[in-house]
Amino acid sequence: MNRRFHHTAAIAAFELRQRIGSPTLLIGAAAFAALLALGHWLYWNAPPPRPDDDRLFGYAYITAMFVSLRFGIAADTTSGFRDLLAGNLTTPRRYIAGKVQATVTFLLAFAPYAFVLALAFSAGDWRYALWYPTLFTLVAALFLPAVFAAELALRIHYPVAVVIILFFTILAALEPFYGIEAVVRFLGLRTERFAPESLLPLAGRVAIAGILLALLAELASRSLRAAPPKATRRR
Amino acid sequence: MVPLPDALTPNPTWRLRVEGLGIRRRRTWIVAGFTWEHHPGHIAWITGENGAGKSSLLRVLAGRARPTTGSISWDGPPGQRPLRLYYHPTMGLPPRSTLGDWRRLLASLGEGEPTVPGAWTLDPGRAPADRRLGQISTGEARRVLLAGLLGRAAPFLLLDEPYEHLSAGARDRLTEILVRIARESVVVVATNREIPARAADGPVLRLDGTRVEPATAPREVL
């Protein structure tokens with residue numbers, strides 16, 4: 001394996017092993033399960049016709065991401081681990097790439113967990129269990145660049161909180177001028193339930209978000225790179 | 001104490017060179033008009049009072065900060081990467097990771113890279129691999145961290161207060177490792193402590209106001 005990818009994969013694996021044992025992941029996973037269970041309890045106890053909603057899937061997913069979605073760069077900065085790794089044992093670019101890879105892997109790994117729980121609570125409703133984890137994984141991926149920027153700029157351990165606050169602030173600010181619907185459409189968030197083709201605009205924006213994330217990662221790795229002294233000369 | 005393998009040989013090809021270096025922190029000059037060069041062979045020491053600017057100078061020498069004036073070069077054989085390892089006391093290990101995970105990461109990152117024989121002996125190796133890094137003592141954590149860092153062979157090694165939190169035995173072992181690394185690499189250490197006698201044959205830079213006083217024997221200075 002190419003050394004660059006080898007380093008990136010090693011850092012990603014290290015980060016993921018840290019997360020697996022972390023209380024925040026356990027709390028996030030437990031909160032997701034509890035809220036989804038509550039949503040389904042309300043659903044199954046509602047008099048027919050039962051409501052055609054997400055049965056608290058959205059709240060459950062956002063809560064889980066609120067506590068567990070992060071790149072881990074702020075925590076490494078606090079502990080002094082980032083300084084140790086980036087520039088000494090690997091390059092800043094590989095370090096950042098490893099963190100991004102770990103976060104994307106985490107996001108993708110959460111989807112099957114959400115799917116299994118959704119399938120179990122909905123008593124085998126495949127369409128429901130496939131639709132919401134897919135939709136919310138795409139939504140989370142759409143906001144990854146914002147999460148990355150918030151974590152790096154503010155060095156906070158819960159960047160999703162900032163992104164949520166910012167999102168609703170911007171939404172409120174734009175609402176008088178464009179209306180919420182226009183903003184929602186702009187972000188590709190207007191979808192039709194259980195209609196996969198309605199996810200295409202969102203998927204397109206996720207691809208753009210991926211490019212944006214790569215650019216931000218490059219900027220971040222440049223800012224971490226050692227500042228070269230003036231008039232450096234090498235023989 | 002485990003004897004260190006004698007695999008490192010003097011390498012005079014690397015050179016740290018400083019010309020007319022000036023470092024200003026806020027409105028105070030720490031160093032001004034400093035010209036100096038250092039080769040492998042002996043450890044160079046930076047000493048001075050608290051706040052004298054030892055860490056700032058070392059950061060600049062490591063290329064982690066820009067000098068206000070002057071230039072620094074890390075010269076070496078053509079085509080070889082002048083890797084600079086830099087340590088400062090606020091570096092740490094992620095508390096939630098285990099020793100085993102850390103060692104696995106080190107092994108992965110160091111695969112195919114030149115290593116320093118015997119640097120691992122600084123790692124006390126007492127704690128089990130599944131012990132979290134946040135649960136080992138401060139001194140043990142320093143040793144684990146330093147062992148990992150020093151295990152990577154690099155032509156330039158710049159250490160800021162590496163003796164902090166180490167026991168007397170660990171300090172001796174660290175000195176022994178540094179002396180061996182210094183035969184082949186440019187090693188500069190900033191310290192508040194007394195310079196170990198076995199490594200006292202290198203130059204000492206004493207920071208005193210804006211002056212840097214190079215001295216050949218540390219006892220003339222301390």
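All figures in this text were calculated on a predicted structure; none of them were measured in a lab. (Residues numbered from 1 in each chain as written. Chains lettered and ligands numbered in written order. Predicted model: local features only at pLDDT ≥ 70, side-chain atom pairs only at ≥ 80, totals over all residues.)

Draft legend 1. Highlighting the overall build of chain B. When helices and strands are counted, chain B shows 4 helices and 9 strands. For chain B, the sequential pattern of α-helices and β-strands runs β-β-β-α-β-β-α-α-β-α-β-β-β. Within chain B, the fraction of its 222 residues that count as buried is 45%. If you take every contact in chain B between residues at least 6 apart in sequence, the share linking residues at least 24 apart comes to 77%. (Helix = DSSP H or I, 4+ residues; strand = E, 2+ residues; numbered from the N terminus. Buried ≥ 20, exposed ≤ 12 C-beta atoms within 10 Å, placed from the backbone. Contact = placed C-beta atoms within 7 Å.)

Draft legend 2. Inspection of helix α4 (residues 168–184) of chain B at higher detail. Residues and elements named next belong to chain B. An ideal rise of 1.5 Å per residue puts 24 Å on 17 residues; α4 measures up with 25 Å between its terminal C-alpha atoms. All of the buried residues along α4 are Ala170, Arg173, Leu174, Thr175, Ile177, Leu178, Arg180, Ile181, Ala182 and Glu184. On its buried side, α4 packs onto β3 (43–48), α3 (138–150), β6 (156–160) and β7 (186–190). (Expected span 1.5 Å × (residues − 1).)

Draft legend 3. Structural detail: the interface of chain A and chain B. Facing the 30 residues of chain A at the interface are 30 residues of chain B. Looking at the side of chain A that touches chain B, the elements that each hand over two or more residues are α1 (3–20), α4 (73–79) and α5 (81–85) of chain A. The dominant element in the side of chain A that touches chain B, judged by the number of residues it contributes, is α1(A), at 7 residues.

Draft legend 4. A look at the pairing of strand β2 (residues 28–38) of chain B. Examined bridge by bridge, strand β1 (residues 15–25) of chain B and β2(B) share 7 bridges and lie antiparallel to one another. Residue pairing in the sheet places Arg25(B) in a bridge with Thr28(B) of β2(B). (Pairing = 2+ DSSP bridges.)

Draft legend 5. Looking closely at the sheet that holds strand β4 (residues 69–75) of chain B. Residue and element names in this part refer to chain B. One open sheet holds the 3 strands; their spatial order is β2-β1-β4, and the pairing between them is antiparallel. Two strands lie at the open edges of the sheet, namely β2 and β4, each paired on one side alone. Between one strand axis and the next, the sheet turns by 15° as a mean value, whatever way the strands run. In the packing of helix α1 (residues 54–61) onto the sheet, contacts are made with β1, β2 and β4, and the angle to β1 comes to roughly 130°. (Axes fitted to C-alpha atoms, helices over the stretch in contact; angles between N-to-C directions.)

Draft legend 6. Just the confidence of the model for chain B, in detail. All names here are of chain B. Predicted confidence across chain B gives a mean pLDDT of 87, with 88% of residues reaching 70 or more. Here residues 4–10 scores under 50 on pLDDT; set against residues more than four positions off or in separate chains, the count is 18 contacts. Contacts of residues 215–222 to residues separated by more than four positions or lying in other chains number 15 contacts, the stretch itself having pLDDT below 50. Overall fold confidence for the complex sits at a pTM of 0.90, while the interface term, ipTM, reaches 0.86. (pLDDT = per-residue confidence, 0-100.)

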